[in-house]
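A structural walkthrough
Spelled out, the chains give:
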Amino acid sequence: MNIELLLFASAKDLFGESQIPLKLPTGATIADLKSALIKRQPEAASLIGRCAFSVDQQYATDDMELNPNHEIAMIPPVSGG
Amino acid sequence: MNIELLLFASAKDLFGESQIPLKLPTGATIADLKSALIKRQPEAASLIGRCAFSVDQQYATDDMELNPNHEIAMIPPVSGG
Amino acid sequence: MIEFTKSPIDSNAVLASVSTPDAGANVLFLGTTRQFTKGQETVQLDYEGYESMVLKELKTIRDTAMERWPIQKCSIVHRFGTVALAEASVAVAVSTPHRADSFAAAEWILETLKQRAPIWKRDLRPDGYTEWVEGNPVT
Amino acid sequence: MIEFTKSPIDSNAVLASVSTPDAGANVLFLGTTRQFTKGQETVQLDYEGYESMVLKELKTIRDTAMERWPIQKCSIVHRFGTVALAEASVAVAVSTPHRADSFAAAEWILETLKQRAPIWKRDLRPDGYTEWVEGNPVT
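To start, this report covers the structure provided alongside it. Everything numeric here is computed off the predicted structure, so don't read it as measured data. (Residues numbered from 1 in each chain as written. Chains lettered and ligands numbered in written order. Predicted model: local features only at pLDDT ≥ 70, side-chain atom pairs only at ≥ 80, totals over all residues. Heavy atoms only, no water.)

1. Some words on the environment of Asp 22 of chain C
The residue Asp 22 of chain C is located in the loop between α1 (11-16) and β2 (25-32) in this model. Residues Asp 22 of chain C and Ile 71 of chain C lie 49 residues apart in sequence; the distance between their C-alpha atoms is 10.0 Å. For Asp 22 of chain C, the residues in contact, after removing those within four places along its chain, are Gln 72 and Pro 97 of chain C together with Arg 34 of chain D. (Helix = DSSP H or I, 4+ residues; strand = E, 2+ residues; numbered from the N terminus. Contact = heavy atoms within 4.5 Å.)

Okay, structure coming up:
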């Protein structure tokens, strides 16, 4: 399946885009998404390790299964307030 | 010596005045003032027991000696805020 | 800003009085007239105070707070006279470099003011009955 | 009132939005841009956020706070874009029947927002250098 990953702040700077397409096997989870990201951009491994991920604007755990209709985002350490 | 005692809120209501004159011996303390007040108005004894007293706009202890130039006030339990 | 005033409290002015580029945290507390207390209705509150001593006490409370916390600026305003429902009787504002201090200092100031400022309130009930609110003896 | 906005925060409107005769205590917290942090000067802050998720998270934070404390009304407003020195980046207002709850709830909301809202800031220094502030990993 094809998904679009939304990127913000330092993640957007690192990947150079605010949104990147990723091809994942059907039934892939957030954990699989992380592995695919690190494979694509090995220098992002450290940042990815400190990021959370959201599915449909809610924080998601590593074992959450993804589908192509989900809105998926990578959330670097937050600094609001 | 003659002093004027300032009264507020429930103390003012009880004595019916916002200021009352009192005649006290030279060297009298806040404790002596309280005794004189209770003698003058026995039904005020309970309220006087719950009141603080101030001398020149500062809370004063029972052993503080008074003089006629002091501004002396009786401070019922406070309810600001 | 330390005031004991008959006029309605301008909360915006109180907040502005503590604004500074040195602070990252600003807390404003407003104590307002609540309609119901334990089922008993209040129509309005009337405040009386020993004005010259209120001003001295509020300054002492501010100075003590500024010794205990790294406060940039601090304002305390209390009303006297009639305060209608939902109107503010007291405003406390503090600005500090960091968040936790601003909350702790503002809460301490409020608590200390309620224990020590020579101010009294009377509540008016719907049937016209009015009485002094039982307060805190100053120790 | 839950907002994520590019406009300057109208603190008066935020405070007014929680006013009610049912409350005796009203706390407004403003987080403002501080000029110096550990000796390092800041000229301005730039905020970016994941807008749709920010709004969801702020609503969740408000709902959770309203379950934990007896809050009458609660508003949370955060800015994005450029925030100048001494301007507010965030405003939190709560009204409660009693004082202690208003301070505790407002502080908890701020703390939780800083841990969970998908918002990021970058500070601009006098030499033109700018970088993302190291934030809190969401767990």
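2. Observations concerning the sheet that holds strand β1 (residues 2-6) of chain B
Within a sheet, each strand pairs with its neighbour through backbone hydrogen bonds, oriented either parallel or antiparallel. Residue and element names in this part refer to chain B. Ordered by their spatial adjacency, five strands build an open sheet running β2-β1-β5-β3-β4, and the pairing between neighbours is mixed. The open sheet terminates on both sides in strands that have one partner only, identified here as β2 (19-23) and β4 (58-60). For this sheet, the mean angle separating the axes of adjacent strands, direction not counted, is 35°. One ladder, built from five bridges, connects β1 with β2; its direction is antiparallel. Bridge pairing links Ile 3 to Leu 22 in β2. (Pairing = 2+ DSSP bridges. Axes fitted to C-alpha atoms, helices over the stretch in contact; angles between N-to-C directions.)

3. Overview of the packing of aromatic side chains
All names here are of chain D. The tally for this structure, following the rule as stated, stands at ten aromatic pairs over all chains. Centroid distance Phe 4 to Phe 80: 4.9 Å. Interplanar angle 40°. Geometry classified as tilted. In this pair, Phe 4 sits in strand β1 (residues 2-5) while Phe 80 sits in the loop between β6 (73-79) and β7 (81-84), placing the two residues 76 residues apart along the sequence. Directly above the ring of Trp 132 sits Arg 122, whose terminal nitrogen or CZ lies 4.6 Å from the centroid. (Phe/Tyr/Trp six-rings, centres within 6.5 Å; stacked < 30°, edge-to-face > 60°. Lys NZ or Arg CZ within 6 Å of the ring centre and 35° of its normal.)

4. What about the nonpolar core?
Membership of the largest hydrophobic core comes to 56 residues, with the highest contact counts inside it found for Ile 76 and Ile 109 of chain C together with Ile 76 and Ile 109 of chain D. For Ile 109 of chain C, the contacting residues outside a window of four places in its chain are Ile 61, Ala 65, Cys 74, Ile 76, Val 92 and Val 94 of chain C. (Core = buried A, V, L, I, M, F, W, Y, C linked by side-chain atoms within 4.5 Å. Buried < 20%, exposed > 50% of the residue type's maximum accessible area, 1.4 Å probe, protein only.)

5. A short note on the sheet that holds strand β9 (residues 119-124) of chain D
Residue and element names in this part refer to chain D. If you trace the four strands from one edge of the open sheet to the other, you get β7-β5-β9-β10, paired in antiparallel fashion. Looking at which strands have only one partner, the edges of the open sheet turn out to be β7 and β10 (130-132). Shown here is a sheet whose adjacent strand axes are inclined to one another by a mean of 25°, direction ignored. In this structure, strand β5 (residues 44-49) lies alongside β9, joined through six bridges in antiparallel fashion. Its bridge partner being in β9, Asp 46 is matched across the sheet by Arg 122.

6. Quick notes on the pairing of strand β6 (residues 73-79) of chain C
All names here are of chain C. Judged by how many residues are buried, β6 sits mostly within the fold: six of seven residues are covered. As judged from the four bridges shared by strand β1 (residues 2-5) and β6, these two strands associate in the parallel manner. Each bridged residue has a counterpart across the sheet, and for Phe 4 the counterpart in β6 is His 78. Here six bridges tie β6 to strand β8 (residues 88-96), and the two strands are oriented antiparallel to one another.

7. Side note on the relation of the copies chain C and chain D
Take chain C, turn it by 180°, move it 0.0 Å along the axis, and it overlays chain D with an RMSD of 0.0 Å. Between the two chains, the operation in question is that of a two-fold axis. Among all residues of chain C, the minimum C-alpha distance to the rotation axis is found for Leu 28 of chain C, at 2.5 Å. Mapped onto chain D, 100% of the interface residues of chain C again fall at the interface, so both copies present the same surface. (Least-squares fit on C-alpha atoms with pLDDT ≥ 70 in both.)

8. Some thoughts on the arrangement of the chains
The chain pair with the greatest number of contacts, out of three pairs of chains in contact, is formed by chains C and D. Contact between chain A and chain B is absent, and the least distance between their C-alpha atoms amounts to 30 Å. The two units chain A and chain C remain apart, with a minimum C-alpha distance of 10 Å.

9. A word on the pairing of β1 of chain B
In this structure, β1 of chain B lies alongside strand β5 (residues 72-75) of chain B, joined through two bridges in parallel fashion. Each residue of the ladder has a partner; that of Leu 5 of chain B, found in β5 of chain B, is Ile 72 of chain B.

10. Quick notes on the interface of chain C and chain D
Between chain C and chain D, the contact holds 32 residues from the first and 32 residues from the second. Summed over both partners, the interface of chain C with chain D buries about 2700 Å², with 53% contributed by carbon and sulfur atoms. The three residues of chain C that bury the most area against chain D are Arg 34, Arg 99 and Phe 103 of chain C, which together make up 26% of that side's buried surface. Relative to strand β2 (residues 25-32) of chain D, β2 of chain C runs antiparallel, the two being bridged by seven bridges. Note on β2 of chain D: the bridge partner recorded for Ala 25 of chain C is Gly 31 of chain D. (Buried area = accessible area lost by both parts, 1.4 Å probe.)

11. Here we look at the interface of chain C and chain B
Contacts between the two partners involve 27 residues from chain C, matched on the other side by 22 residues from chain B. For the chain C and chain B pair, buried surface summed over both sides reaches about 2100 Å², with 57% attributable to carbon and sulfur atoms. Counting the contacts that link chain C with chain B gives two salt bridges. Between Glu 134 of chain C and Arg 50 of chain B there is a salt bridge, with its nearest N and O atoms 3.3 Å apart. Counting the contacts that link chain C with chain B gives 17 residue pairs in polar contact (both at pLDDT 80 or more). Of all the secondary structure elements, the ones that give two or more residues to the side of chain C that touches chain B are β5 (44-49), α2 (51-68), β8, α3 (99-116) and β9 (119-124) of chain C. In terms of residue class, the side of chain C that touches chain B is built from 13 nonpolar, seven polar and seven charged. (Salt bridge = Lys/Arg side-chain N within 4 Å of Asp/Glu carboxyl O. Polar contact = N/O pair within 3.5 Å; in protein donor to acceptor, adjacent residues only side chain to side chain. Nonpolar A, V, L, I, M, F, W, Y, C, P; charged D, E, K, R; others polar.)

12. Some details on the environment of Val 54 of chain D
All names here are of chain D. Inspection of the secondary structure assignment puts Val 54 in helix α2 (residues 51-68). Along the primary structure Val 54 and Ile 2 are separated by 52 residues, whereas in three dimensions their C-alpha atoms are 9.7 Å apart. When residues no more than four places from it in sequence are discounted, the contact partners of Val 54 are Phe 4, Gly 49, Pro 118 and Ile 119.

13. A short note on the side chain of Lys 121 of chain C
Tracing the backbone through its elements, the reader meets Lys 121 of chain C in strand β9. This buried residue, Lys 121 of chain C, is left without a salt bridge; Asp 123 of chain C holds the nearest opposite charge, at 9.2 Å. (Lys, Arg positive; Asp, Glu negative; His and termini not counted.)

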